[in-house]
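Chains, contacts and geometry: an overview
For reference, the chains in residue letters:
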Amino acid sequence: MLLPHRKACLEKHIQTYIQAKGGWISFAEFMQKALYEPTLGYYVSGTRKIGKDGDFMTAPEISPAFSQTLARYCESVFHATSSPASILEFGAGTGTMAADILLTLEKRHALPERYYILEVSPDFSERQLDTLRHQCPHLIERIVWLSTLPKNFTGVVLANEVLDALPVHLFEVQKKITLQKGIALESQKLIWRLGSEVDLSSVTDISNLEDGYTSEYCPAIYPWLKDLYTSMLQGTVLLIDYGFLEHEYYHPQRDQGTLMCHYRHRAHTDPLLHIGLQDITAHVNFTAVAQAAEKSGFSVDFYSTQEKFLVDWGILEETNVHQLSLEEQYGYTQGLKKLLLPSEMGELFKVMELKTPSMFSNIHSS
Ligand SMILES: C[S@@+](CC[C@H](N)C(=O)[O-])C[C@H]1O[C@@H](n2cnc3c(N)ncnc32)[C@H](O)[C@@H]1O
């Protein structure tokens, strides 16, 4: 389907949905449809999303050193589980991370039993199959695509830039109360409209926030983690994403929230533009993630910056740079800078590690 036609179909579909729901929907409902509506949503359709000719870049596409370092972490977890371990990757994008992790583990004689991919986008699943068939055809039988969580999973769960893609609710502070912000219809156009009051006392204290303060919260995280916990026998979960703790997330100066759209490598804040053709994301409130994880049964074992996690797990020792040509050395160093520097991804991106109670607490970086 041609892109303008697809955009028009999705907009029409959302308009009909709003009418059927009485003229107003929450932002989370809008985001769910814009990103995941079957055949029409951004993540479901066939446009190129990740990479230079897409809309945004992610760490595995920037440098293989990212996935090679995660592979070392996985190997260490495998040593600590009491039965053979697998990897479960959520939202595996182009499949690059899966390929680099498997090839690294193969070299280290530490392949997982299975590499499961749980992906909601049929388009991405196809792309993953292409990448993996091309990069590691001899390992393809170990890779299993799932549409639901596995049962009794043992091993490592990986989610790089997945939490930021879960639909969020928006709120606006008015006269010391919080109102839901949603989408309505006016003259056949989608517009913003405030909805009814919502109690956010379990999310944050709004008493020091001015009128007009807008931000997000993500109720989808708790059911996501709870289902994941139920599916796991033993293991760890590594959540990697951009975000902050609650006091920074709801800082009075961050008065327009963290909602961002990505369209052809341009970031902007209007989700009502390019509907179905652009990514919509929100930063992750890691305090809320930790609370949801603990309520689900996990314990939070590590939380820090991407830079600290990758350096702890040996990213700077990963490659003998002297074996590379000068041009390759330059490319490799540029990739490391993007992953590690505070002005790039090093500080804004965080890593949170969760463990099941049955997991040994003595995983050390090697
Ligand atoms: C921003 S992309 C990141 C892709 C990849 N992890 C990377 O780092 O390049 C978000 C991915 O999460 C997937 N996704 C979103 N919600 C999901 C869910 N509930 N379960 C599994 N995958 C999901 C999307 O389809 C997409 O593949």
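A brief look at the structure comes next.

How each quantity is defined
- Residues numbered from 1 in each chain as written.
- Predicted model: local features only at pLDDT ≥ 70, side-chain atom pairs only at ≥ 80, totals over all residues.
- Heavy atoms only, no water.
- Helix = DSSP H or I, 4+ residues; strand = E, 2+ residues; numbered from the N terminus.
- Rg over C-alpha atoms; globule rule 2.2 N^0.38 Å.
- Contact = heavy atoms within 4.5 Å.
- Areas by Shrake-Rupley, 256 points an atom, 1.4 Å probe, with all protein chains shown as cover.
- Lys, Arg positive; Asp, Glu negative; His and termini not counted.
- Charge placed at Lys NZ, Arg CZ, Asp CG, Glu CD.
- Core = buried A, V, L, I, M, F, W, Y, C linked by side-chain atoms within 4.5 Å.
- Buried < 20%, exposed > 50% of the residue type's maximum accessible area, 1.4 Å probe, protein only.
- Near = heavy atom within 4 Å.
- Polar contact = N/O pair within 3.5 Å; in protein donor to acceptor, adjacent residues only side chain to side chain.
- Nonpolar A, V, L, I, M, F, W, Y, C, P; charged D, E, K, R; others polar.
- Arc of directions from axis to C-beta.
- Pairing = 2+ DSSP bridges.
- Right-handed = clockwise from strand over helix to strand, strands pointing away.
- Axes fitted to C-alpha atoms, helices over the stretch in contact; angles between N-to-C directions.

**A closer look at the overall build of the chain**
Along the chain, the regular secondary structure elements total 11 helices and 16 strands. The C-alpha radius of gyration of the chain comes to 21 Å, within 12% of the 21 Å expected for a compact globule of 366 residues. If one aligns the C-alpha atoms of the chain with their principal axes, the spans along those axes are about 60 × 45 × 45 Å. Within the chain, contacts between residues at least 6 apart in sequence are counted, and of these 77% link residues at least 24 apart. Accessible surface, the chain as shown: approximately 16800 Å² in total, 52% of it carbon and sulfur. The positive charge centre, built from 31 side chains, and the negative charge centre, built from 44, are 5 Å apart in the chain.

**Focus: the nonpolar core**
Ile101, Tyr115, Leu158 and Phe309 are the most contacted members of the largest nonpolar core, which has 44 residues in total. Secondary structure elements with two or more residues in this core: helix H4 (64–80), helix H5 (96–107), strand E3 (115–118), strand E5 (153–160), strand E10 (232–244), helix H10 (306–312), helix H11 (326–340) and strand E16 (349–355). Sort the elements by how many residues they give to this core and H4 lands first, with 9 residues. Tyr115 has contacts with Ile87, Glu89, Met97, Ala98, Ile101, Leu102, Arg142, Ile143, Val144 and Leu158, leaving out every residue within four places of it along the chain.

**Section: the site of the ligand**
In the vicinity of the ligand lie 18 residues, with Tyr36, Thr58, Gly91, Glu119 and Asn160 positioned nearest. At 2.5 Å from an oxygen atom of the ligand is found a side-chain nitrogen or oxygen belonging to Glu119. Within the complex, 94% of the 590 Å² of free accessible area of the ligand lies under protein. For the shell around the ligand, the class distribution of residues is 11 nonpolar, 5 polar and 2 charged.

**Here we look at unusual backbone geometry**
Within the chain, Thr39 stands out as a residue other than glycine whose phi angle is a positive 65 degrees. As for its position among the elements, Thr39 is in the loop between helix H2 (27–36) and helix H3 (59–62). Residue class for Thr39 comes out exposed when judged on its relative accessible area of 58%. Phi is positive for His109, which is not a glycine, with a value near 55 degrees. Considering the arrangement of structural elements, one finds His109 in the loop between H5 and E3.

**Section: helix H7 (residues 221–231)**
For H7, the complete set of buried residues consists of Ile221, Trp224, Leu225, Leu228 and Ser231. Angular distribution of buried residues about the axis of H7 spans 125 degrees; they occupy a single face of the element.

**Quick notes on the pairing of strand E2 (residues 86–90)**
For E2, a buried count of 5 out of 5 residues is recorded, marking the element as mostly surrounded by other parts of the structure. Side chains Ser86, Leu88 and Phe90 of E2 all project onto a buried face; the interleaved residues Ile87 and Glu89 project onto the opposite face, where all are buried too. Sheet topology places E2 next to E5; 4 bridges connect them, and they run parallel. By the bridge assignment, Leu88 is partnered in E5 with Val157. Note on the crossover from E2 through H5 to E3: the handedness is right-handed.

**Observations regarding the pairing of strand E11 (residues 260–263)**
Across 3 bridges, E11 lies against strand E13 (residues 279–281) in antiparallel orientation. Bridge pairing in E13 places Met260 opposite Thr281. Here 3 bridges tie E11 to strand E12 (residues 266–268), and the two strands are oriented antiparallel to one another. Bridge pairing in E12 links Cys261 to His268. If you look at the hairpin formed by E11 and E12, you'll find 2 residues sitting between the two strands, and Arg264 has a positive phi there, around 50 degrees.

**Quick notes on the side chain of Ser296**
Mapped onto the elements, Ser296 comes out in helix H9 (residues 286–296). In this structure the side chain of Ser296 is engaged in a polar contact, spanning 3.4 Å, whose partner is the backbone nitrogen of Lys226. Among residues more than four places away in sequence, those in contact with Ser296 are Tyr222, Leu225, Lys226 and Tyr229.

**Digging into the sheet that holds E12**
The strand order across the open sheet formed by 3 strands is E12-E11-E13, and the pairing between neighbours is antiparallel. Either end of the sheet is taken by a strand with one partner, and the two such strands are E12 and E13. Strand-to-strand, the axes of this sheet are offset by a mean angle of 25 degrees, without reference to chain direction.

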